Amino acid sequence: MVACAEAWRGDGEILASPIGTIPMLGARLARATFEPDLLLTDGEAYLVANDLPVGPGPFPKVVEGWMRYRLVFDTLWAGRRHVMMGATQIDRYGNQNISCIGDWARPKAQLIGVRGAPGNTANHPTSYWVPNHSTRSFVAQVDMVSGVGYRRAAEAGDWIRQHHEIRVVVTNKAVLDFDTPDRSMRLRSVHPGVTLEEVVAATGFELSVPSSVPETRLPTPEELRVIRDVLDPTGLRRAEVSA
Amino acid sequence: MTAVTATRDKRTTEEEVVAELRDGMTVGIGGWASRRKPMSLVRAILRSPLRDLTLVSYGGPDVGLLCAAGKVAKVVFGFVSLDTIPLEPHFRVARQSGAVEAMELDEGMLQWGLYAAALRLPFLPTRAGIGSDVMAVNPHLRTVRSPYSDGEDLVAMPALALDAALVHVNRADARGNGQVLGPDPYFDDLFCMAARRRFVSCERVVATEDLLREGPVQTLVLNRSMVDGVVEAPGGAHFTSCEPDYGRDEAFQAEYAKAAADAEAWSSFRIRYLDVDEAGYRRAVAGRG
């Protein structure tokens, strides 16, 4: 979760759009601690200024703005946004799939649909959260490119190439990025208790592994307090990750 | 306050709305996922002999139910979801069995298609879609080069013209002015503006002079030039949410999703809740244990 929070470091006064419980906790933790200027919604159309717990609520909200979907789309195309989405499949260059498994014409498994992933990746920084890092999710080739990865972005024209960014991929095992000369996926850090070999084995393509890979940092005592007492008093975070 | 005489009373019923629809029509459905869907109108279509519809929707149980009933030839969508249950079970079956054709778009492309249709433009340019497989699975989509010095290639998102739009709002008057009291108007105004025939169901019909007692002027998202028919449908969005009048009926939605997973369970769900008129639906919902 702290790794999810770290994704937003340095973003400043932009809309943070975390999809899912752990990304949401991460973004709210980031704003409650080191990234206070982030704009965050209640998960629907209100921009809230206070530190809102995750879960059904109702919780008291200090509403500071109105972020209906139409303005989300405008903000997205205007570039003042960083999204953290899920990825059922992701490949070496950061192509993401949330549309379907198998042949698109008649899929083996229909998923939610591409949603805003094509537009997100063409317009502003995108990060991914994968709660089950495995060779089923980290694949050589995704079945339907929803979010656009680096190779395709490079071929999509100057404007998109300049504005495209996959910031980080956070999983239950590690943090990955694309800080390599050919923009292929790199292991940035391994979570405490996970070995480098486990991460490599759970990845279905060749991962760039630097000579020294740090351990993902643990939450500070203050971050732990904010998570436990303020943002997730009922422990919803435990439902999304087992490890 | 001055009373207003309704020059044209557009009040109608679910059955009369459905009688205006034809096989093969392109129908846009407002709301978003499992939020503020015109479910009483959807249920009326389920009871009708209509078929071969093309649906354009930020999809939820509207799409799932119509697919399950064999009403749908094609779905134009960016997602289909029940929100708290991420995947729509009937839509999954329809796609996996090849029962429906699909036009899968980025959410913003869908908005742009509706907006282009609303403004009577052939297309609107966007970057959404470029580089993704949305372009591969929609080979009819074209790009257009900016005529200015940037020379950028953009997707020319074609207008998504609708034969009919169905939306659900909190309040409306008999003349077709529609009011959304919840936090998000979604794209309901665009659905109406993109359509030839526009039908609005509402929780309650109120007098025109009472609209601003319900909420500020910014809540009046539909005006009567955008609406042909008004259906008073209390609970008409059930089981989707219709804030602030009611939230999503999560227990019922869970029952729906569970029933969808099993042919026998679905058959009893259908008999109990769908093979009955709207009053029967409400009684069945109220009477469940």
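**Q** Just give me the short version of the overall build of chain B, but keep the residues and values in it.
**A** A tally of helices and strands in chain B yields eleven helices and twelve strands. In terms of overall dimensions, chain B is globule-like: its C-alpha atoms have a radius of gyration of 19 Å, near the 19 Å expected for 289 residues. Across its three principal directions, the C-alpha atoms of chain B cover 60 × 55 × 30 Å. Out of the 289 residues belonging to chain B, those deemed buried represent 50%. Looking at chain B alone, contacts between residues at least 24 apart form 75% of all its contacts between residues at least 6 apart.

**Q** Tell me about the packing of helix H2 (residues 21-32) of chain A against helix H8 (residues 221-231) of chain A, and please be specific about residues and values.
**A** All names here are of chain A. Contact pair H2 / H8: the axes reach a minimum separation of 11 Å and the direction vectors enclose 115°. Considering only the axes of H2 and H8, their crossing is right-handed. Touching Leu 25, Arg 28, Leu 29 and Ala 32 of H2 are Glu 223, Val 226, Ile 227, Val 230 and Leu 231, all from H8. Here the residues of the contact of H2 with H8 are counted per class, giving seven nonpolar, no polar and two charged.

**Q** Got a sec to walk through the interface of chain B and chain A? Specific residues and values, please.
**A** Facing 34 residues of chain B, the contacting portion of chain A comprises 36 residues. When contributions to the side of chain B that touches chain A are tallied by element, the ones reaching two or more residues are helix H4 (89-96), helix H5 (107-118) and helix H6 (134-137) of chain B. Sort the elements by how many residues they give to the side of chain B that touches chain A and H4(B) lands first, with four residues. For the side of chain B that touches chain A, the per-class residue count stands at 15 nonpolar, nine polar and ten charged.

**Q** Residues and numbers for the domain arrangement of chain B, please.
**A** All names here are of chain B. When cut into domains, chain B gives domain 1 (11-107 + 160-207 + 214-284) and domain 2 (125-158). Counting residues at the interface gives four residues for domain 1, matched by five residues for domain 2. For the side of domain 1 that touches domain 2, the per-class residue count stands at two nonpolar, no polar and two charged.

Calculation rules
Residues numbered from 1 in each chain as written. Chains lettered and ligands numbered in written order. Predicted model: local features only at pLDDT ≥ 70, side-chain atom pairs only at ≥ 80, totals over all residues. Helix = DSSP H or I, 4+ residues; strand = E, 2+ residues; numbered from the N terminus. Rg over C-alpha atoms; globule rule 2.2 N^0.38 Å. Buried ≥ 20, exposed ≤ 12 C-beta atoms within 10 Å, placed from the backbone. Contact = placed C-beta atoms within 7 Å. Axes fitted to C-alpha atoms, helices over the stretch in contact; angles between N-to-C directions. Left-handed = near helix turned anticlockwise from the far one by under 90°. Nonpolar A, V, L, I, M, F, W, Y, C, P; charged D, E, K, R; others polar. Domains from an automatic or database assignment.

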